[in-house]
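Single-letter residue listing:
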Amino acid sequence: MRQYRIRGGKRLSGELSIGGAKNSVLPILAAACLNESETIIHNCPRISDTLETIKILEGIGFRTEFLENTLKIYPAKDLSHEIPDECVKKMRSSILFMGALLAQTGKVNLALPGGCNLGERAINLHIRGLEAMGAKICEEEKKLFCKIGENGLNGAKIKLDFPSVGATENLLIAAVKAKGETVIENAAREPEISDLALFLKKLGAEIRGAGTGTIIINGTNKNFRKKIAHEIIPDRIVAGTYLVAAAMTTGDIKLTNVRPFELAPFTMYLSEMGCNLRAEENSVTLHAPKRLKAAGRIITKVHPGFLTDMQAQFVAALSIADKRSEITETIFEGRNSHVPELRKMGANIHLTADKQTFEIDGVERLRGANVAAHDLRCGAALVLAALSADGETIVQNSEFVERGYESIEKDLTSLGGDIKLEIV
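Here's a quick rundown of the structure. (Residues numbered from 1 in each chain as written. Predicted model: local features only at pLDDT ≥ 70, side-chain atom pairs only at ≥ 80, totals over all residues. Heavy atoms only, no water.)

## Re the overall build of the chain
Thought 1: The number of helices and strands found in the chain is 14 helices and 23 strands.
Thought 2: Rg of the C-alpha trace for the chain: 22 Å, near the compact-globule value of 22 Å for 424 residues, within the 12% margin.
Thought 3: Each of the three principal axes of the chain carries a C-alpha extent, and together these read 65 × 45 × 45 Å.
Thought 4: When the 424 residues of the chain are sorted by exposure, 59% land in the buried category.
Thought 5: Considering only contacts within the chain whose residues lie at least 6 apart along the sequence, 73% involve residues at least 24 apart.
Thought 6: Here the chain has roughly 16600 Å² of accessible surface; of this, 46% comes from carbon and sulfur atoms. (Helix = DSSP H or I, 4+ residues; strand = E, 2+ residues; numbered from the N terminus. Rg over C-alpha atoms; globule rule 2.2 N^0.38 Å. Buried < 20%, exposed > 50% of the residue type's maximum accessible area, 1.4 Å probe, protein only. Contact = heavy atoms within 4.5 Å. Areas by Shrake-Rupley, 256 points an atom, 1.4 Å probe, with all protein chains shown as cover.)

Pasting the structure below:
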């Protein structure tokens, strides 16, 4: 078992550079299956989800080299359509290989994806969209068997019931090799979608509208054989997590290699909570007050709204604010596993009957306790709470945190935190 041992009460200060985005690199690694030449990925985060995705690439025939934060992917001589089950069951983003391998090999078999348990996260949007493009997909014994018909993948007009990031990415990847025009309506607009589209354009794809609600792809049946290099955008969620960490510890930090306009959906609330923020071209500085103020009601929304991936961190921060705050989760019905753990540390949080709204009465101080992460952002929230708490906290199941943060213990230690990763 892996865990963090954290002694709270240390004020975070200093400067830190933010690495590449988890939610950007994973779909781009899946899209690399379309390239029959060398692909070089710079600013590639060395997180466990990246390492598991590399295992998938190697398992289906690619050769890779991962040095520091540069990943080289060499073309597969014999590309397999069978994705290793043990990798798929560990993370939901493995579903993105469905669109990529259907486009490249005409078929793909994979187990139903795993990952963090955040409630119902149906993949029906992926399946319906690919079926609209001509794929035939059936499920047998918790495994998906997918192939394209005699006419291959064809362009289609697809309107998503919900602007799902994963479904938008899967359909975008598949559509670049479908015959004719594909239109994705009610598409996700996250910055990571734009980064994926930029990568695909470097391969030679024709894409318009990425980053808006309507994406238009002119597909091609030609093979992509182009050596390309691409740099992953900085991780806005990691940046946001560290800003909240500073806010909770009366800190004063500067983050570099960020895109401040992408942080606005949550930095506006940090300002409301009394933090002084200053944004420059590719950096942001935060100076925290002696005690955080309560925030008005926060509601998670699709981009450009407040990120669901920052909800748990803000619940932790508002648990030590001066008055009552309220956060409503609208994206994932199961994203509340941090609540009972924060209560062990003295937080006063009430969940409404539907378990979607957090009513948070701030306390003066949290106290150290033995707690456990149950998903990625739950673990991050517990680390932040521990940094601000009196005494020592053990956060078990650090492997969840390692899925999205590259050496969080080293980053926070460099800022003055007292946190150690232990294997017990």
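## Brief notes about the layout of surface pockets
Thought 1: Its boundaries defined by the atoms lining it, the second largest pocket holds a volume of some 240 Å³.
Thought 2: Among the secondary structure elements, those contributing two or more residues to the lining of the second largest pocket are helix 8 (236-248) and helix 12 (376-388).
Thought 3: Residue composition of the lining of the second largest pocket, by class: seven nonpolar, four polar and six charged. (1 Å grid on protein atoms, 1.4 Å probe; cavity = no way out; pocket = protein on both sides within 12 Å on 5 of 7 lines; lining within 4 Å. Points joined across faces, edges and corners; volume = space filled by probe spheres on them. Nonpolar A, V, L, I, M, F, W, Y, C, P; charged D, E, K, R; others polar.)

## Here's the deal with helix 6 (residues 165-175)
Thought 1: Within helix 6, nine of the 11 residues are buried, which leaves the element mostly enclosed by the surrounding structure.
Thought 2: Its side-chain oxygen placed 3.5 Å from the backbone nitrogen of G166, S164 serves as the N-cap of helix 6. (Polar contact = N/O pair within 3.5 Å; in protein donor to acceptor, adjacent residues only side chain to side chain.)

## Looking at the sheet that holds strand 8 (residues 143-148)
Thought 1: If you trace the three strands from one edge of the open sheet to the other, you get 6-8-7, paired in antiparallel fashion. Lying at the two open borders of the sheet, with one neighbouring strand each, are strand 6 (107-111) and strand 7 (135-140). Direction aside, the axes of adjacent strands within the sheet are offset by 15 degrees on average.
Thought 2: Bridge count between strand 7 and strand 8: six bridges; the pairing is antiparallel. Note that in strand 8 the partner of A135 across the bridge is I148.
Thought 3: In the packing of helix 4 (residues 96-105) onto the sheet, the strands contacted are strand 6, strand 7 and strand 8, and the crossing angle to strand 6 comes to about 155 degrees.
Thought 4: Sheet strands in contact with helix 5 (residues 124-132) are strand 7 and strand 8, and its direction is about 145 degrees off that of strand 7. (Pairing = 2+ DSSP bridges. Axes fitted to C-alpha atoms, helices over the stretch in contact; angles between N-to-C directions.)

## A short note on the side chain of T220
Thought 1: When you line up the elements, T220 lands in the loop between strand 12 (214-218) and strand 13 (228-231).
Thought 2: A polar atom in the side chain of T220 sits 3.1 Å from the backbone nitrogen of K222.
Thought 3: Setting aside residues no more than four positions away along its own chain, T220 makes contact with V176, K177 and A178.

Note that all results are geometric; they support no functional claim without further evidence.
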